Amino acid sequence: MTLKLEESWKEVLYPEFEKEYMKRLREFLQKEQASAHVLYPPNALIFNAFEHTPFEKVKVVILGQDPYHGPGQAHGLSFSVQKGTPFPPSLQNIFKELKIDIPEYKYPTTGDLTPWADQGVLLLNATLTVEANKPGSHQKLGWEKFTDKVIEELSNRKSGIVFLLWGKYAQAKGELIDSNKHFILKAPHPSPFSAHSGFFGCKHFSKTNEILEKQGLEPIDWQI
């Protein structure tokens, strides 16, 4: 199994691929697949977020925790599912909040958030793989160290990024971000367990566009 990365990200993150933890992670994934374990997302989509949002184009980061663990769901973008797949509850609530925040927003027919990624929204999960039907199965194997480095490099090398941190797990990553250079918006997770505690009504989507426009940047078209 080869872990490939988009060129601009490879330039930033190349040293990480040479470190022992990444070598061990690669070996683990190879062994898992050799043992006929089904892993999500498919190999070619593990780094999909980076393919669609090159380093120099990142304007917004939406941080998730794990890929979805059911068939046809995960494709390397946090909260997003492949075309034709029913919307998971958190994604349903994201679209509900968009409708609250932006009244003219039309509820989408697909949960594929690739159009956001193509506009500069890095849809980053902290863990980039998972075993089928085993949520959290690839946590604490090295992916978090890698994606923490992604956040640190964005914080150090760029300015003016809007980080959307939903839920306690994502908010803990705020320690990696220089709040003097970037914008951090926090809210409860869009999960059904917490969405009514402040995710609904957070207006993060319109707030993000206000921040981008104040910097002279193109706002995100959230409509899919």
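Below or above, wherever it landed, is the structure these notes cover. Just so it is clear, the model here is predicted, and its values are computed rather than measured. (Residues numbered from 1 in each chain as written. Predicted model: local features only at pLDDT ≥ 70, side-chain atom pairs only at ≥ 80, totals over all residues. Heavy atoms only, no water.)

### Some words on the pattern of salt bridges
Close approach of charged atoms lets side chains of opposite charge pair. Per the stated rule, a full pass over the model turns up eight salt bridges. Its salt-bridge partner being Asp 148, residue Lys 173 comes within 2.6 Å of it at the nearest N-O pair. Separated by 25 residues along the polypeptide, Lys 173 in the loop between α7 (167-172) and β6 (183-187) and Asp 148 in helix α6 (residues 143-157) bring together distant segments of the chain. A cluster of three or more residues bridged by salt bridges with shared partners is formed by Lys 149, Glu 153 and Arg 157. (Salt bridge = Lys/Arg side-chain N within 4 Å of Asp/Glu carboxyl O. Helix = DSSP H or I, 4+ residues; strand = E, 2+ residues; numbered from the N terminus.)

### What to know about the nonpolar core
Generally speaking, nonpolar side chains in soluble globular proteins are found buried as a group. Of all hydrophobic cores here, the largest spans 66 residues; its most connected members are Trp 9, Trp 116, Phe 146 and Leu 154. Dropping the residues within four chain positions of it, Phe 146 is found in contact with Leu 13, Glu 16, Phe 17, Tyr 21, Met 22, Phe 47, Phe 50 and Leu 128. (Core = buried A, V, L, I, M, F, W, Y, C linked by side-chain atoms within 4.5 Å. Buried < 20%, exposed > 50% of the residue type's maximum accessible area, 1.4 Å probe, protein only. Contact = heavy atoms within 4.5 Å.)

### With respect to the pairing of strand β2 (residues 60-64)
Taking burial as the measure, the five residues of β2 include five buried ones, the bulk of the element. Residues Val 60, Ile 62 and Gly 64 of β2 are buried on one face, and the alternating residues Val 61 and Leu 63, pointing to the opposite face, are buried as well. Two elements, β2 and strand β3 (residues 121-125), share five bridges in a ladder whose sense is parallel. If you follow Val 61 over to β3, its bridge partner there is Leu 122. (Pairing = 2+ DSSP bridges.)

### A closer look at the packing of helix α2 (residues 20-34) against α6
Closest axis-to-axis distance for the α2/α6 pair is 9 Å, and the angle between their directions is 130 degrees. Classified by the interaxial angle, the pair formed by α2 and α6 is oblique. Crossing hand, α2 versus α6: left-handed. Here Tyr 21, Met 22, Leu 25 and Leu 29 of α2 come into contact with α6, specifically with Trp 143, Lys 145 and Phe 146. Its residues assigned to classes, the contact of α2 with α6 comprises six nonpolar, no polar and one charged. (Axes fitted to C-alpha atoms, helices over the stretch in contact; angles between N-to-C directions. Parallel < 35°, antiparallel > 145°, perpendicular 65-115°, else oblique. Left-handed = near helix turned anticlockwise from the far one by under 90°. Nonpolar A, V, L, I, M, F, W, Y, C, P; charged D, E, K, R; others polar.)

### As for the packing of aromatic side chains
In total, this model carries 19 aromatic pairs according to the counting rule given. The interplanar angle of 65 degrees and the centroid separation of 5.3 Å between the aromatic rings of Phe 87 and Phe 95 together place this pair among those described as edge-to-face. Judged by centre distance (5.1 Å) and plane angle (80 degrees), the rings of Trp 166 and Phe 199 are edge-to-face. Residue Trp 166 is located in strand β5 (residues 162-166), and its partner Phe 199 is located in the loop between β6 and α8 (204-214); the two are separated by 33 residues in the primary sequence. Across the pair, exposure class does not vary: Trp 166 and Phe 199 are buried alike. In textbook terms, an aromatic cluster arises when at least three aromatic residues are bridged by ring pairs, as seen for Trp 9, Phe 17, Phe 47, Phe 50, Phe 55, Trp 143 and Phe 146. Above the face of the Phe 55 ring, Lys 158 is positioned so that its terminal group lies 5.5 Å from the ring centre. (Phe/Tyr/Trp six-rings, centres within 6.5 Å; stacked < 30°, edge-to-face > 60°. Lys NZ or Arg CZ within 6 Å of the ring centre and 35° of its normal.)

Bear in mind that shape data such as this cannot, by itself, settle questions of function.
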